[in-house]
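A closer look at the structure
If you want the building blocks of each chain, they are given just below.
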Amino acid sequence: MRVRTLAVALLAGGLALTACGKEGSPTDPGTAPSQQVESNVTVDGSATFEKMKGRGKVIVGVKEDQPGLGYKDPTTGKFTGFDIEIAKLVAAKLGFNSDQIEYKAIASQGREQALINGDVDYYVGTYTINAKRKDQVGFAGPYFTAGQDLLVKKDDNSITGPDTLKGKKVCSVTGSTPIQKVKTDGLTEPENIVELQNYSQCVTQLEQGAVDAVTTDDAILKGYASQDPSKFKVVGKPFSNEPYGIGLPKDDKALRDKVNDILDAAIKGGDWQSVYDATLGKSGSTAEKPVLDRY
Amino acid sequence: MSAVLFDVPGPRARIRHRLYAVIGTAAVVGVIGFVVYRFWVTGQFSAEKWSWPQYEFVQLQLLSALGNTLRAFAFGALFALLFGAIFAAGQLSDHKIIRVPSMLIVELFRAIPLVVMIFMFHYGLSLGAPVYSVVVALTLYNGSVLAEVFRAGVLSLPRGQSEAAYAVGMRKSQVMRLVLLPQAVRAMLPAIISQLVVLLKDSALGFLITYEELLNEAQRIGRAFEFGRPLVPVTIVVGAIYIAMCLLLTWLATYLEKRNRRDKKVIELEKKPAEDVIAAAV
Amino acid sequence: MDVLLDNLDLYGPGFLNTVELFLISAVGSLVLGTLLAMLRVAPVPMLRATGTAYVTLIRNTPLTLVFFFFTFAFPLLEIVTPASFGSAAAYYRNAALAALILYTAAFVCEVVRSGINTVPVGQAEASRALGLTFGQMLASVVLPQAGRAVVPPMMSTMIALLKNTTIAAGFSVFQAGSISLNLSDRGESQLIGLLWIALFFVVLVTPMTLLQRSLEKRWSIAR
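Residues numbered from 1 in each chain as written. Chains lettered and ligands numbered in written order. Predicted model: local features only at pLDDT ≥ 70, side-chain atom pairs only at ≥ 80, totals over all residues. Heavy atoms only, no water.

**Quick word on the overall build of chain C**
- Looking only at helices and strands, chain C has nine helices and zero strands in total.
- The helix and strand sequence of chain C, counted from the amino end, reads α-α-α-α-α-α-α-α-α.
- Expressed along its principal axes, the backbone C-alpha trace of chain C runs to roughly 70 × 45 × 25 Å.
- For chain C, with 223 residues in total, the buried portion stands at 55%. (Helix = DSSP H or I, 4+ residues; strand = E, 2+ residues; numbered from the N terminus. Buried < 20%, exposed > 50% of the residue type's maximum accessible area, 1.4 Å probe, protein only.)

**Quick look at the sheet that holds strand β4 (residues 79-80) of chain A**
Residue and element names in this part refer to chain A.
- Pairing is antiparallel in the open sheet, where three strands are placed in the order β2-β3-β4. Two strands in the sheet have a free side with no partner beyond their single neighbour: β2 (65-66) and β4.
- Here two bridges tie β2 to strand β3 (residues 70-72), and the two strands are oriented antiparallel to one another. Following the sheet pairing, Gln-66 is matched in β3 by Gly-70. (Pairing = 2+ DSSP bridges.)

**Notes on helix α6 (residues 177-184) of chain A**
Residue and element names in this part refer to chain A.
- Taken residue by residue, α6 has Pro-178, Ile-179 and Val-182 as its buried positions. The arc enclosing the buried residues of α6, seen along the axis, measures out at 100°, which places them on a common side.
- Its buried side turned inward, α6 meets β8 (148-153), β9 (170-173), β10 (193-196), α7 (199-208) and β11 (213-217).
- Immediately beyond the C-terminal end of α6, within one or two residues, lies Gly-186, with a positive phi of roughly 60°. (Arc of directions from axis to C-beta. Contact = heavy atoms within 4.5 Å.)

**Description of the pattern of salt bridges**
- Under the criterion given, the structure shown has 26 salt bridges over all chains.
- Between Lys181(A) and Asp185(A) there is a salt bridge, and its shortest N-O distance comes to 3.2 Å.
- With relative accessibility at 43%, the residue Asp185(A) sits in the partly exposed group.
- Lys268(A) is the partner of Asp264(A) in a salt bridge, and the nearest nitrogen-oxygen pair spans 3.1 Å. In this pair, Asp264(A) and Lys268(A) are both assigned in helix α9 (residues 253-268), four residues apart and thus about one turn of the helix distant.
- Owing to a relative accessible area of 23%, Asp264(A) belongs among the partly exposed residues under this scheme.
- Judged by its relative accessible area of 65%, Lys268(A) is exposed.
- In the salt-bridge network here, residues are joined through shared partners; they are Glu64(A), Glu212(B), Glu217(B), Arg220(B) and Arg223(B). (Salt bridge = Lys/Arg side-chain N within 4 Å of Asp/Glu carboxyl O.)

**Considerations on the state of the cysteines**
- Per the counting criterion, the structure on display carries one disulfide over all chains.
- Residue Cys171(A) pairs covalently with Cys202(A) via a disulfide, S to S 2.1 Å. Between Cys171(A) and Cys202(A) the disulfide shows an S-S torsion of about -70°. By sign, it is left-handed. With Cys171(A) in strand β9 and Cys202(A) in helix α7, this residue pair connects regions lying 31 residues apart in the sequence. Like Cys202(A), Cys171(A) is buried.
- Between Cys246(B), a cysteine without a disulfide, and Cys109(C), which holds the nearest cysteine sulfur, the sulfur-to-sulfur distance is 18 Å.
- For Cys246(B), a relative accessible area of 0% translates into the label buried. (Disulfide = S-S within 2.5 Å.)

**Section: the confidence of the model for chain B**
- Chain-level statistics for chain B give a pLDDT mean of 85 and a share of 91% at 70 or above.
- Of all secondary-structure elements in chain B, the lowest mean pLDDT belongs to helix α11 (residues 274-280) of chain B, at 50, while helix α2 (residues 56-91) of chain B reaches the highest, 92. (pLDDT = per-residue confidence, 0-100.)

**Description of the side chain of Ser87(C)**
- Locating Ser87(C) in the fold gives a position in the loop between α4 (63-73) and α5 (88-117).
- Since its relative accessible area comes to 16%, Ser87(C) is described here as buried.
- Apart from the residues within four sequence positions on either side, Ser87(C) is in contact with Lys169(A), Glu191(A) and Asn192(A).

**Here's the deal with the pairing of β11(A)**
Residues and elements named next belong to chain A.
- Extensive coverage of β11 is indicated by the burial of five of its five residues.
- Sheet topology note: the β8/β11 ladder contains five bridges and is antiparallel. Paired with Gln-148 across the bridge in β11 is Asp-217.

**Let's talk about the environment of Pro158(B)**
- Of note, Pro158(B) is situated in the loop between α5 (130-155) and α6 (159-167).
- In sequence terms Pro158(B) and Leu180(B) are 22 residues apart; their C-alpha atoms lie 9.9 Å from each other.

**Concerning the interface of chain C and chain B**
- Taken residue by residue, the interface counts 67 residues in chain C and 59 residues in chain B.
- Summing both sides of the interface, chain C and chain B together bury roughly 5500 Å²; the carbon and sulfur share of this comes to 74%.
- For the pair chain C and chain B, the interface holds two salt bridges.
- Here Arg213(C) ties to Glu107(B) by a salt bridge, and the two come within 2.9 Å at their closest N and O atoms.
- At the junction of chain C and chain B, the tally comes to six residue pairs in polar contact (both at pLDDT 80 or more).
- Of all the elements in the fold, those that place two or more residues in the side of chain C that touches chain B are α3 (45-59), α4, α5, α6 (121-129), α7 (134-164), α8 (176-183) and α9 (190-222) of chain C.
- Counting residues per element, the side of chain C that touches chain B draws most heavily on α9(C), which supplies eleven residues.
- Grouping the constituent residues of the side of chain C that touches chain B by class yields 42 nonpolar, 16 polar and nine charged. (Buried area = accessible area lost by both parts, 1.4 Å probe. Polar contact = N/O pair within 3.5 Å; in protein donor to acceptor, adjacent residues only side chain to side chain. Nonpolar A, V, L, I, M, F, W, Y, C, P; charged D, E, K, R; others polar.)

**Quick look at the pairing of strand β13 (residues 242-249) of chain A**
All names here are of chain A.
- Of all eight residues that make up β13, seven are buried, and the element is covered over most of its length.
- Examined bridge by bridge, strand β7 (residues 137-146) and β13 share seven bridges and lie antiparallel to one another. What sits directly across from Ala-146, in β13, is Glu-242.

**Topic: the nonpolar core**
- In this structure, Phe82(A), Ile86(A), Leu94(A), Tyr122(A), Phe144(A) and Ile246(A) are the most contacted members of the largest nonpolar core, which totals 206 residues.
- When residues of this core are assigned to their parent elements, the largest contribution, 17 residues, is made by α5(C).
- Residue contacts for Leu94(A): discarding those within four places in its chain leaves Val41(A), Val43(A), Phe49(A), Met52(A), Tyr122(A), Leu255(A), Lys258(A) and Ile262(A).
- If you look at the next biggest cluster of nonpolar residues, it comprises eleven residues, including Val152(A), Ile159(A), Val170(A) and Val182(A). (Core = buried A, V, L, I, M, F, W, Y, C linked by side-chain atoms within 4.5 Å.)

**A closer look at the packing of α6(C) against α7(C)**
All names here are of chain C.
- At a minimum axis separation of 10 Å, α6 and α7 run at an interaxial angle of 165°. The angle between α6 and α7 falls in the class roughly antiparallel. Crossing handedness for the pair α6 and α7: right-handed. On the side of α6, the interface is formed by Gln-123, Ala-124, Ser-127 and Arg-128, while α7 contributes Met-137, Val-141 and Gln-145.
- A per-class count over the contact of α6 with α7 returns three nonpolar, three polar and one charged. (Axes fitted to C-alpha atoms, helices over the stretch in contact; angles between N-to-C directions. Parallel < 35°, antiparallel > 145°, perpendicular 65-115°, else oblique. Left-handed = near helix turned anticlockwise from the far one by under 90°.)

**Overview of the sheet that holds β9(A)**
Residue and element names in this part refer to chain A.
- With respect to topology, five strands assemble into an open sheet ordered β10-β9-β11-β8-β12, the strand pairing being mixed. Among the strands making up the open sheet, the edge pair consists of β10 and β12 (232-234). Across this sheet, the average inter-strand angle for adjacent strands is 30°, counted without regard to direction.
- Bridge analysis of β9 against β10 gives four bridges, and the strand direction is parallel.

**Thoughts on unusual backbone geometry**
- Even without glycine at this site, Arg229(B) takes up a positive phi of about 45°.
- Inspection of the secondary structure puts Arg229(B) in the loop between α9 (214-222) and α10 (231-262).
- One non-glycine residue, Glu78(C), adopts positive backbone phi at about 55°.
- Within the fold, Glu78(C) resides in the loop between α4 and α5.
- Exposure remark for Glu78(C): the relative accessible area of 47% places this residue in the partly exposed category.

**So, the packing of aromatic side chains**
- If you walk through the whole model with that rule in mind, you get 33 aromatic pairs over all chains.
- With a centroid separation of 5.9 Å and an interplanar angle of 90°, the aromatic rings of Phe207(B) and Phe68(C) are classed as edge-to-face. With Phe207(B) in the loop between α8 (189-202) and α9 and Phe68(C) in helix α4, this residue pair bridges two chains.
- Looking at Phe68(C), the relative accessible area reads 1%, which means it is buried.
- Note on Phe200(C) and Phe201(C): the rings are 5.2 Å apart at their centroids and 75° apart in plane angle, and the pair reads as edge-to-face. (Phe/Tyr/Trp six-rings, centres within 6.5 Å; stacked < 30°, edge-to-face > 60°.)

Given below as structure tokens:
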């Protein structure tokens, strides 16, 4: 009997809570340039494009936990960042406005599967182009070039680059390229390698002092550092080359060529630069324009 | 309850017991006090770390995550009960060709850790969306345990039940379906429900393959910089939700058992196999 | 076979770590669980309530959440700082052990308690009437009888503990459950890799199950 009263009380409490929910965000996401939407776009022979058209909207796979790149505001559910703006740009040139985009947050481990299953039309989320992945999915781009770097605590001056990691605890995501590099290059002892499910978990561990450094692409790390500049800093000595591409279904060459054309125009025109300046560029760093790698 | 071990206390024992109670209370209050103190000192009660439940979007996300947990539980429970009933019948079959494979399958799925099964379906066989892997793995594991529970239930029924059913001309499948299984289910109800509690808890393993369930939502809120990374508060809240859900299920079990006891149609079994099974359900 | 032999450097330590995690947390949870069971049968209501509260809370919480708490939330309370551990592996392993021991202890406690409760009251009354002390009664009358009811379900609990060690895969503890995640980096088939891991558990668990069954059968006749 008491349990029932408790349940009712909980339920009532929950409802009361929902009724007076706060809206809006305590942080300002900033404004990004809006893209001009093309009309009457055709992509001959692209099954994916036909699917988007039939549906009347695009489903884009993105990251949700990388500030500055692909980030879902936990208070409003809105997506912001460089990858998001690139996704919007591509959608606009394919004839879809920003209300016709549905974002789907997909973590690194699930990317290939989501494209193979057709859960998403394309994927924009710190997706490094490499040969192994090309066996499973297609890539347009690169639209950005990142490099593996290190995130450390603000007051830590003992870590200055990959050669100073010996004896330090290093965190990255299970099965990711950066953790592979730490292992194969023997940057630190095997017992000091920490593998978690996503970079945010690594960052909380860094904050608690459970690890000394988080390693992945500098673009991702800069996002965390700019979110909390009083606690973290990026070492700033990239030690790899990570070209980010837009993931597409493997056999859709028509769409791949179209997206490459869109990126080409954006890079040569001013769109790419203005998107960069409105997102990643806010930290003050500059980036070189990428060179497309068509195949 | 503890009448086995202790006699009715005399005057001196009563004083001693009171002393124990005081020491025990002091120890418990001390431990809880210390933990609360640590919470306080490290700012876990700060307004910033508790601001997240106020946002409508966070509430909706939590609700949808709760819905996903319940969805995995509902499908998992339904399929596991079906799987259990089918394989319990298979294990009790008169034909070796059905009995032996049923037993092997049940033993196999009981021996493989749920995590390994979930990985196998998700990464090995690429079943697609995480929810499928979670539900299939929950079904196979809990279904196998339930098959054992049903089988024990059927075996614990008096032989007169099946003999009488055969005597009125029922076929084997009818005896199992109409006479034995329904009674076994009633007799084993506490064990079945406690296995369902296990299933509900195990749905949290979906966290490992990024199924958007309650624990996954907890880590999403917990890592949010905007709320001061409220890992401790969010663990407490989500833990309380899980405990409340499981207690409701358990309460349902006790309620049903009480109602059962009033019901004259239920056969009082000589030995109660249920208790051991419940105690061992991890 | 190739997947196993080519990656023995993963499988060997992985399986060893699983066994080690299991053994340490088995001993830990048996000790803590027995202590809790003593609380739950104590003649002092206050102590009984403490034991009951612990068991109710823990038994209704998912083990994954307990892992989550110890790995990510507990260090925030700054009772033990992660930096005080020599290596990262040592810290995450201790967090996993804490989760496994505290969780399993609640189940061990229930098994022991229900075992003691299976002994008829008359047995204890008779021994008291014969003038046995409390210790003598426990040692020669209650525990030998309770043991028969305790051992088989206790083995189920321990089998569950062995399988539960794989949850540590999501919390940076390298053991059998995390082998497959590392295999995918090497471009090996995850499915075959996982089948070997499954076989490892079948080989470990089946003898335990068979022993449990035979004990259950033998002792149920003797009662």
